[in-house]
Amino acid sequence: MTTAPWRDPALPAAARVDDLLSRMTLQEKTAQLYGVWVGAATDGEGVAPHQHDMTADRSDDEWDELITHGLGQLTRSFGTAPVDPALGARALARAQRRIAAAGRFGIPAVAHEECLAGFTAWQATAYPVPLAWGATFDPPLVEEMARRIGEDLRSVGVHQGLAPVLDVVRDPRWGRVEETVGEDPYLVGTIGTAYVRGLESAGVVATLKHFAGYASSAGARNLAPVRAGVREFADVTLPPFEMALREGGARSVMAAYNETDGVPASADPGLLTDLLRERWGFTGTVVADYFGIGFLQTLHRVAGGPGEAAHVALAAGIDVELPTVKCYGQPLVEAVRAGEVPEELVDRAARRVLLQKCELGLLDEDWAPEPAAPRVDLDSPANRALARRVAEESVVLLDNPDGVLPLPPDARVAVVGPRAADALAMLGCYSFPSHVLTHHPEVPTGIEIPTVLEALRAELPDAKVTFAEGCGVLDPDTAGFEEAVARASEADVCLAVLGDRAGLFGRGTSGEGCDVMDLRLPGVQADLLDALVATGVPVVLVLLTGRPYALGRWQGRLAAVVQAFFPGEEGGPAVAGVLSGRVNPSGRLPVSVPRVPGGQPWTYLQPPLGLAGEVSNLDPTPLYAFGHGRSYTEFTWDDFQGTASRITTDGTYDLSLTVRNSGDRAGAEVVQLYLHDPVASVTRPDVRLIGYQRVELAPGEASRITFRFHADLSSFSDRAGRKVVEPGVLELRLAASSADVRHAARLELTGLVRELGTDRRLRCEALVSEAV
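(A) Region of interest: the overall build of the protein. Within the protein one finds 21 helices and 27 strands. Taking 772 residues into account, the globule formula puts the C-alpha radius of gyration at 28 Å, and the protein, at 26 Å, falls close to it. Projecting the C-alpha coordinates of the protein onto the three principal axes gives extents of approximately 80 × 70 × 50 Å. Buried residues in the protein amount to 62% of all 772 residues. The long-range share in the protein, meaning contacts at least 24 apart out of those at least 6 apart in sequence, stands at 79%. With an accessible surface of roughly 27400 Å², the protein has 49% of that area assigned to carbon and sulfur atoms. Placing the 70 positive and 102 negative side-chain charges of the protein at their respective mean positions leaves the two points 3 Å apart.

This is the structure:
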C-alpha cells in the first residue's frame with residue numbers, strides 16, 4: 001500500500017498540503033473553513049452577541065451531511081454546557097472519529113475553547129482574570145499559568161485556545177475591561193506575550209484577540225464604532241499584537257467586531273493581509289470572532305448577503321468562520337461556482353488551515369483523538385496552588401494610611417457588603433460558572449470557591465467575625481443598611497466588601513455587553529459605604545471588581561483600601577491573606593483609579609492637553625495612578641547610575657539602581673521605567689511605560705536592577721505614518737508608579753531621524769544582580 005504524499009510526515013508540511021489541496025473538491029476545501037457549534041442555545045440567553053439570530057439547530061441528518069465534506073473546527077465541546085471532563089473528552093474523541101470517518105480524507109477538526117481566565121469548562125480551575133494578571137507585573141508567573149491551562153486543554157483533546165485578549169483599555173466604562181491586561185500597551189504586550197508563550201509551549205494554538213481596535217469603541221459601548229486616529233492605532237492599539245506574534249509565536253489571530261473609520265476589521269485587507277501578513281510576516285490562521293462574517297451583512301451592512309459577506313471576509317484575509325457555518329458553506333460554494341468569488345481565495349485560506357492541522361499532527365496516519373490519561377482532573381491541587389499564587393500577587397493595597405492593616409488576630413471584625421459571601425464575586429464573565437452555569441441553576445459549581453467571609457474566618461480563627469450583606473450588587477433600596485450599620489458599630493473594624501457581578505449582555509455590572517454610563521459603584525453600594533463610614537468605626541474597603549471605580553468621594557475617610565480584580569477561585573483566601581498579613585501585598589494598578597465618576601474616558605497615556613490645566617475646570621487626575629500599589633514593608637532606592645548622557649538614535653543606555661528591603665518583613669517591589677519626551681514632531685504622552693522589573697526581597701536584602709534602554713523604545717509614528725526615532729532630549733524616569741518618580745536621567749539622542757522596520761526592539765531588558 002502506497003501512502004499518499006500528504007500523509008507522509010517525512011515531507012515538508014507545505015508539500016504535504018499542496019498535494020492534499022490538489023485532490024480536494026471545492027466543497028471539501030470550503031468545509032475546512034468553518035466550525036460547527038453543537039448544542040448552542042438558540043434563545044435570547046446566549047454567550048455570544050446575536051447568538052439567537054445567527055444560530056440554528058441541526059438535526060443528526062444535517063450533521064451527517066455536513067461532515068461528509070470534512071470540517072474545519074469544532075466549537076466549544078466543553079464550554080457550551082456542563083460536561084464531566086472525562087466524559088467530555090471521550091465524547092469529543094468519538095465526534096472526531098465520526099468526522100474523520102465521514103470524509104474522503106479522514107481529517108479531524110480543530111477543537112477550540114475559550115481560556116480567558118482558565119479553561120472555560122465545568123470543574124476546571126478558574127484563574128484570576130487578565131486584569132489581575134496585569135496587576136502582578138509578573139510575566140514568568142503568567143507564562144507558567146498559561147502553560148498549565150494549555151496542558152489541561154490538550155489533556156481532553158482541545159487544540160486551540162481563544163486567548164489572550166490584547167486590547168488596551170481606552171475607556172474604563174467598557175464592560176470588557178476585566179478581560180484586558182490594562183491601559184498601557186507595554187504592560188499588555190509583555191504580559192500577553194508571556195501568556196502566549198505558555199499556551200503555545202503546551203502545544204495549544206494561542207489566538208490573539210481582538211484584532212484590532214475593539215477597546216476604543218465610541219462611548220465605551222460594546223461593538224460600537226472606533227474613531228481612533230492613525231497614530232493612536234499604530235502606537236497604542238497594535239504594539240501588543242506585534243509583540244505577541246514576534247516574541248510569543250502566536251499561531252492564530254481573531255478579527256475584531258468593530259469598524260474603524262467606516263471599515264469593519266473583518267473586511268479590512270489593509271489590516272488582516274497588508275499589515276498582519278506582508279509587513280509582520282504572520283503565517284498562521286485568522287479566525288472570525290463569533291458570527292463576525294455574518295455581521296458584515298446584518299450589522300455593518302457592507303455585504304448584501306451571506307455569499308457576498310464570505311467574499312469580503314475571504315478577500316480581507318479571514319480564513320475560518322466561527323463559531324458555526326453560515327457564510328463559508330453553501331453560500332460561498334455557490335458564489336465561487338457563479339464566478340463571483342475567485343477560487344484562489346478559498347485555496348489560500350484552506351492552505352493556511354491545513355498547514356496548521358499538519359503542524360498539530362491531524363494529517364498523520366497515526367493520529368488518534370483519545371486522551372492519554374483515563375482520569376481527567378482539570379482542577380488539580382497544583383492548579384489551585386498556582387491560582388492562589390497569581391491571586392495573591394494581583395491584590396493591590398491602594399491605601400493604608402494609619403496601618404490598620406494587617407488586622408490583629410483577635411480583632412472584632414464586621415464584614416459587610418454584597419460581595420463578601422458570594423462565591424461568584426471572585427469570577428469574571430468568561431469563567432464557566434458565570435459564563436455558562438447561570439443557564440443551568442440545577443448544576444453545582446464544580447469547583448470550590450471560598451468567599452472572602454469564609455476565608456477570613458479560616459484565616460483569623462481567634463477573631464470575632466460577624467456579617468451583614470447590607471444590600472445586593474444592584475439593589476435600588478437601603479432596606480439592609482440598618483443591620484449592616486449595627487454590625488459595624490459593634491466591631492473594632494469594618495470590612496466593606498463591595499464590587500461587581502460579572503455577566504453577559506447586561507446581565508451583570510461587568511463583562512461583555514455590560515458597559516456603564518459612569519464609574520460610580522453599582523446600585524446603592526456607595527450609600528452603604530457612606531453609612532458605614534458614618535459610624536466612626538475604621539472602615540477597610542475591599543473591592544472585587546472587573547474595572548476601576550471612582551473613589552474620590554471617600555478620600556481621607558477610609559482606614560484602608562484593597563483592590564482585587566476578579567481574583568479567581570482562590571481569590572477569597574488571597575484577599576484574606578492580605579487582610580491578615582500572611583500575604584504582603586505586591587500588586588500594582590494596571591489601570592488608573594479615577595477620583596470622580598465622570599470625565600471619562602481617561603487613561604494615563606495623555607499628551608499635555610489631556611492633563612489637568614487652567615483651560616478647563618475638569619481635572620482628570622486619577623486618585624491612584626497607573627502602577628500604584630503599597631506594601632507592608634519599606635523599600636529604599638539608592639545608588640542610581642547611568643552609563644552615559646548622550647547616545648545616537650540607534651544606541652543603548654544603561655541605568656541602574658539598588659533596591660533594598662529596609663523593613664522587617666519579606667516583600668516584592670516593582671520598579672517601573674517611564675519615558676518622557678519633552679519635544680517631538682507630534683504630541684506624545686507625557687509619560688509612558690517602557691520597562692519594569694518585579695523583585696522579591698527578604699528583610700535587609702538588596703538587589704541591583706539595570707535597565708538596558710535602546711533608542712528604539714522611544715519610537716513613535718510620525719506625521720507620515722513612519723515609525724521613527726527622532727534626535728533630541730529624553731528623560732528616563734525610574735518610578736514606583738506613573739506619578740511617583742524616584743530617579744530621572746536626562747538623555748540626548750544624536751544623529752538623524754531613523755526610520756524603523758519590523759525588526760525594531762520592542763522590549764527593555766532588565767538585569768537583576770546581587771547588590772554589592
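(B) Representation of the packing of aromatic side chains. Across all of its chains, the model carries 17 aromatic pairs by this definition. When the centroid spacing of 6.4 Å and the interplanar angle of 50° are considered together, the rings of phenylalanine 291 and phenylalanine 295 count as tilted. Here tyrosine 604 and tyrosine 674 contribute two aromatic rings whose centre-to-centre distance is 6.2 Å and whose plane-to-plane angle is 90°, an arrangement assigned as edge-to-face. Here the residue tyrosine 604 occupies a position in the loop between helix H21 (571–580) and strand E16 (635–642), and tyrosine 674 occupies one in strand E19 (residues 667–676), the gap between them amounting to 70 residues. Owing to a relative accessible area of 5%, tyrosine 604 belongs among the buried residues under this scheme. By the ring-pair criterion, three or more aromatic residues cluster together here, those being Trp37, Trp174, Tyr214, Tyr257, Tyr290, Phe291 and Phe295. The side chain of lysine 209 reaches across the aromatic face of tyrosine 430, ending 5.6 Å from its centre.

(C) Inspection of the pattern of salt bridges at higher detail. Under the defined criterion, the tally for this structure stands at 52 salt bridges. Put simply, arginine 351 and aspartate 18 hold a salt bridge, and the shortest N to O gap is 2.9 Å. With arginine 351 in helix H15 (residues 343–359) and aspartate 18 in helix H1 (residues 13–23), the pair connects residues that are 333 residues apart, well separated along the chain. Look at aspartate 18 and you get partly exposed, because its relative accessible area is 39%. A salt bridge links arginine 582 to glutamate 459; the nearest nitrogen and oxygen atoms lie 2.7 Å apart. Of this pair, arginine 582 sits in the loop between H21 and E16 while glutamate 459 sits in helix H18 (residues 452–459), placing them 123 residues apart in sequence. A relative accessible area of 42% places arginine 582 in the partly exposed class. What you see here is one network of salt bridges that share partners, running through Asp138, Glu144, Arg389, Glu393, Arg694 and Glu696.

(D) Looking closely at the nonpolar core. Counting 208 residues, the largest nonpolar core has Tyr195, Phe211, Tyr328, Leu551 and Phe709 as the members making the most contacts within it. Excluding residues within four positions of it along the chain, tyrosine 195 makes contact with Cys115, Trp133, Val142, Met145, Ala146, Ile149, Ala163 and Pro164.

(E) Summary view of the environment of leucine 528. Structurally, leucine 528 is set in helix H20 (residues 525–533). Taking the C-alpha atoms as reference, leucine 528 lies 24 Å from glycine 175; in sequence the two are 353 residues apart. Apart from the residues lying within four places of it in its own chain, the contact partners of leucine 528 are Val416, Gly417, Pro418, Glu469, Gly470, Cys471, Phe481, Ala484 and Leu498.

(F) The pairing of strand E15 (residues 560–565), seen in detail. Of all six residues that make up E15, six are buried, and the element is covered over most of its length. Of the two faces of E15, the one carrying Ala560, Val562 and Ala564 and the one carrying Val561, Gln563 and Phe565 are both buried. Sheet topology places strand E10 (residues 396–399) next to E15; three bridges connect them, and they run antiparallel. Paired with aspartate 399 across the two strands is valine 561, which belongs to E15. In terms of strand pairing, strand E14 (residues 539–545) meets E15 through six bridges, oriented parallel. The residue bridging leucine 544 from the neighbouring strand is alanine 564, located in E15.

(G) Inspection of the pairing of strand E13 (residues 493–499) at higher detail. Of all seven residues in E13, seven are buried; the element is thus mostly enclosed. Regarding the hand of the β-α-β motif, the stretch spanning E13, H20 and E14 is right-handed.

(H) Geometry of the sheet that holds strand E21 (residues 702–710). Read across the sheet, four strands follow the order E16-E18-E21-E27 without closing on themselves; strand pairing throughout is antiparallel. Where the open sheet ends on each side, the last strands, each with one partner, are E16 and strand E27 (765–770). Neighbour to neighbour, the strand axes of the sheet diverge by 20° on average, direction disregarded. In this sheet, E27 lies alongside E21 in antiparallel orientation, the contact comprising six bridges. Paired with arginine 704 across the strands is serine 769, a residue of E27.

(I) Up close: the packing of helix H16 (residues 381–394) against H21. Relative to each other, H16 and H21 sit at 45°, their axes nearing to 8 Å. Taken together, the axes of H16 and H21 are oblique relative to one another. Here H16 and H21 pass one another in a crossing that is right-handed. Contacts between H16 and H21 involve Arg388, Ala391 and Glu392 from the first element and Gly571, Pro573 and Ala574 from the second.

(J) Representation of the side chain of glutamine 356 within the structure. Take glutamine 356: it is sitting in helix H15. Apart from the residues within four sequence positions on either side, glutamine 356 is in contact with Val205, Arg251, Gly284 and Thr285.

(K) Just unusual backbone geometry, in detail. Look at the link from lysine 209 to histidine 210: it is a cis peptide, with omega at 5°. Residue alanine 212 is reached from phenylalanine 211 by a cis peptide bond, and omega for that bond is 0°. One non-glycine residue, phenylalanine 291, adopts positive backbone phi at about 70°. Tracing the chain through its elements places phenylalanine 291 in the loop between strand E9 (285–288) and helix H12 (292–298). A relative accessible area of 4% places phenylalanine 291 in the buried class. Positioned with a positive phi, aspartate 639 is a non-glycine residue whose angle comes to about 55°. Structurally, aspartate 639 is set in strand E16.

(L) Spotlight on helix H5 (residues 85–102). Counted at 1.5 Å a residue, the expected span for H5 with its 18 residues is 26 Å, and the 25 Å between its end C-alpha atoms agrees. Those residues of H5 not exposed but buried are Pro85, Ala86, Gly88, Ala89, Leu92, Ala93, Gln96, Ile99 and Ala100. Down the axis of H5, the buried set is contained in an arc of 160°. They therefore lie on one face. Exposed and oriented more than 90 degrees from the buried face of H5 are Arg94 and Ala101. Looking at where H5 begins, the residue whose side-chain oxygen comes 3.1 Å from the main-chain nitrogen of alanine 86 is aspartate 84.

(M) Looking closely at helix H10 (residues 239–246). Taken across its eight residues, H10 has seven buried, putting it largely inside the fold. All of the buried residues in H10 are Pro239, Pro240, Phe241, Glu242, Met243, Ala244 and Leu245. Against helix H8 (185–201), strand E5 (205–211), helix H9 (230–237), strand E6 (252–255) and helix H11 (269–279) lie the buried residues of H10.

(N) The arrangement of the environment of isoleucine 107 in detail. Checked against the element boundaries, isoleucine 107 lands in the loop between H5 and strand E3 (110–114). In the structure, isoleucine 107 is positioned 260 residues away from tryptophan 367 in sequence and 9.4 Å away in space, judged by C-alpha atoms. In contact with isoleucine 107, not counting residues within four places along its chain, are Trp6, Leu20, Gln32, Ile99, Ala100, Leu354, Lys357, Leu362 and Leu363.

Here is what the cut-offs are and how they apply
- Residues numbered from 1 in each chain as written.
- Predicted model: local features only at pLDDT ≥ 70, side-chain atom pairs only at ≥ 80, totals over all residues.
- Heavy atoms only, no water.
- Helix = DSSP H or I, 4+ residues; strand = E, 2+ residues; numbered from the N terminus.
- Rg over C-alpha atoms; globule rule 2.2 N^0.38 Å.
- Buried < 20%, exposed > 50% of the residue type's maximum accessible area, 1.4 Å probe, protein only.
- Contact = heavy atoms within 4.5 Å.
- Areas by Shrake-Rupley, 256 points an atom, 1.4 Å probe, with all protein chains shown as cover.
- Lys, Arg positive; Asp, Glu negative; His and termini not counted.
- Charge placed at Lys NZ, Arg CZ, Asp CG, Glu CD.
- Phe/Tyr/Trp six-rings, centres within 6.5 Å; stacked < 30°, edge-to-face > 60°.
- Lys NZ or Arg CZ within 6 Å of the ring centre and 35° of its normal.
- Salt bridge = Lys/Arg side-chain N within 4 Å of Asp/Glu carboxyl O.
- Core = buried A, V, L, I, M, F, W, Y, C linked by side-chain atoms within 4.5 Å.
- Pairing = 2+ DSSP bridges.
- Right-handed = clockwise from strand over helix to strand, strands pointing away.
- Axes fitted to C-alpha atoms, helices over the stretch in contact; angles between N-to-C directions.
- Parallel < 35°, antiparallel > 145°, perpendicular 65-115°, else oblique.
- Left-handed = near helix turned anticlockwise from the far one by under 90°.
- Expected span 1.5 Å × (residues − 1).
- Arc of directions from axis to C-beta.
- Polar contact = N/O pair within 3.5 Å; in protein donor to acceptor, adjacent residues only side chain to side chain.

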